[in-house]
Amino acid sequence: MATYTEKLLSFLDASPVNYLAVRNVCDELLNNGFVQLHAEDAIKNLPEKFFITKNDSAVFAFHMGKKALSEVGFRMIAAHSDSPTFRIKPNAEMAGEGALVRLNTEAYGGSILNTWFDRPLSLAGRVILRSDDALRPESRLLHIKRPLLVIPNLAIHFNRQVNDGVKLNKQKDMLPILGYVNDKLEANGLIMRVIADELKIDKEAIIDFDLYLYDTTSACTVGLNNEFVSSGRLDDLSMVHAGLEAFKADDGQPDATKVLAVFDNEETGSGTKQGAGSNFFMSLLQRIVMAQGGSLDDYFRSIEKAFMVSADNAHGFHPNYAEKYDPTNHALLGGGPVIKINAAQKYSTDAMSAAVFQQICERVGVPCQRFVNRSDVAGGSTLGNILTSSVAIRSVDMGNPVLAMHSVRELASMVDHENCIKAFIEFYK
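These figures come from a predicted structure and were not determined experimentally.

1. Overview of the pairing of strand E2 (residues 49-54)
Logical step 1: In this sheet, E2 lies alongside strand E1 (residues 35-36) in parallel orientation, the contact comprising two bridges. Within E2, the position partnered with Val 35 by the bridge is Phe 50.
Logical step 2: The sheet contact formed by E2 and strand E3 (residues 58-63) spans six bridges and is antiparallel. Counterpart to Ile 52 in the pairing with E3 is Phe 60.
Logical step 3: Here E2 folds back onto E3 in antiparallel fashion, the turn holding three residues, of which Asn 55 has a positive phi close to 60 degrees.

2. With respect to the sheet that holds strand E19 (residues 401-403)
Logical step 1: Taken in spatial order, the five strands line up as E11-E12-E20-E19-E15 in an open sheet, and their pairing is mixed. Each end of this open sheet is capped by a strand with a single partner; those strands are strand E11 (220-222) and strand E15 (314-315).
Logical step 2: Looking at chain direction, strand E12 (residues 228-231) and strand E20 (residues 410-413) are connected through four bridges and run antiparallel. Counted as the bridge partner of Ser 231 is Glu 410 from E20.
Logical step 3: In the packing of helix H5 (residues 234-247) onto the sheet, contacts are made with E12 and E20, and the angle to E20 comes to roughly 35 degrees.

3. Notes on the side chain of Lys 258
Logical step 1: With respect to the helices, strands and loops of the structure, Lys 258 is situated in strand E13 (residues 257-263).
Logical step 2: A polar atom in the side chain of Lys 258 sits 3.1 Å from the backbone oxygen of Phe 247.
Logical step 3: Contacts of Lys 258, omitting those with residues within four sequence positions, involve Ala 61, Phe 62, His 63, Arg 75, Ala 246, Phe 247, Ala 249 and Tyr 428.

4. Focus: the sheet that holds E13
Logical step 1: The mixed open sheet is built from nine strands, whose spatial order is E1-E2-E3-E13-E4-E14-E18-E16-E17. Looking along the sheet, the strands with just one partner apiece sit at the ends: E1 and strand E17 (369-371).
Logical step 2: Along the sheet, helix H6 (residues 280-291) contacts E2, E3, strand E4 (74-80) and E13; its crossing angle with E3, the most-contacted strand, is approximately 25 degrees.

5. Topic: the environment of Leu 284
Logical step 1: Here Leu 284 lies in helix H6.
Logical step 2: Residue Leu 284 is classed as buried on the basis of its relative accessible area, which comes to 1%.
Logical step 3: Separated by 30 residues in sequence, Leu 284 and Pro 254 place their C-alpha atoms 20 Å apart.

What counts and how
Residues numbered from 1 in each chain as written. Predicted model: local features only at pLDDT ≥ 70, side-chain atom pairs only at ≥ 80, totals over all residues. Heavy atoms only, no water. Pairing = 2+ DSSP bridges. Helix = DSSP H or I, 4+ residues; strand = E, 2+ residues; numbered from the N terminus. Contact = heavy atoms within 4.5 Å. Axes fitted to C-alpha atoms, helices over the stretch in contact; angles between N-to-C directions. Polar contact = N/O pair within 3.5 Å; in protein donor to acceptor, adjacent residues only side chain to side chain. Buried < 20%, exposed > 50% of the residue type's maximum accessible area, 1.4 Å probe, protein only.

Fair warning: the whole summary comes from geometry, so function is off the table for now.
Laid out in structure tokens, this is it:
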């Protein structure tokens, strides 16, 4: 039987973008007895185990408990499916000297730009096709697995200051090379032809696409004892995977309803219909309470009795840059899941919710750390405080520590991933 780490590596390789990550989560749920429902349908006669997707890039899974939601509430783990990358623009082909074609791209999220240079890249995402119903075009997922593009560095001979730090221009410096065509005119519609060939469809059937770059290098373990995991998209797919493994760990029907919520667009502020800033999740919870025969008051009671773990990776301590960290509250790789705290409430954690998560970890012998930014460093935010602004639920922000966050390739600890899953299983119990 595959270990959690082996499963994580496979999940990362199969999930180069948000759409494919959600498809893979859905496949796992279907293989474990869950039924897919649709938000546009009436929600009634609920099965014990079901899930609902939004925009192909977010998924919300429920394992209904034995007890009424108004009595015990929900047990939620929330994570996100997206990671920093580059989106392919419409009319992306740019033919230049010698009919060499580059693609016009737009940065998605806050990448460490120079980590994308000199790597074998390819395309993945969603392709929209014509259908008989203009309001319901067909959606197909695309995952080109072979290396297709590269963003070459400028040679040091032309840029002697490169090792002193160079400001990169996203419109000029980050355009990937696709290849040569016989004539510049052949560049027009080249991406559409690549898509059509890959999906084995007529090019004229394609209306639009949501395609992104990804590094084709496989996820792997590294270190003297293979103690680290090196991969792209550890933030936040490692937390998605940990939540999924805990969620499908089946000890029969639970007392309290279990929820796994995987949102999209966290890296760009969550302000989309499939993001944590939308009212979709709140309305979905309310509809489920109503489907159980509850009232509006029962919904509010279920929220008061619920608890959410907002799972988004934390910054691990980098030994080469110790001065960047708080002197007493920094997280070590291998030191266990990290509770994230911020006085300005960029995280949803307070002393009460931190105590809840710490006790869960203690019950299964999992070490637990705390992370606070230096007081002179502005930290990022995550799902927790965005969600709790619309759903007034008790919540803790946590995550496993990673190095090189938002690099094209990040580093995490194998034992942290295993320990996080243990803690999540205990939380769901």
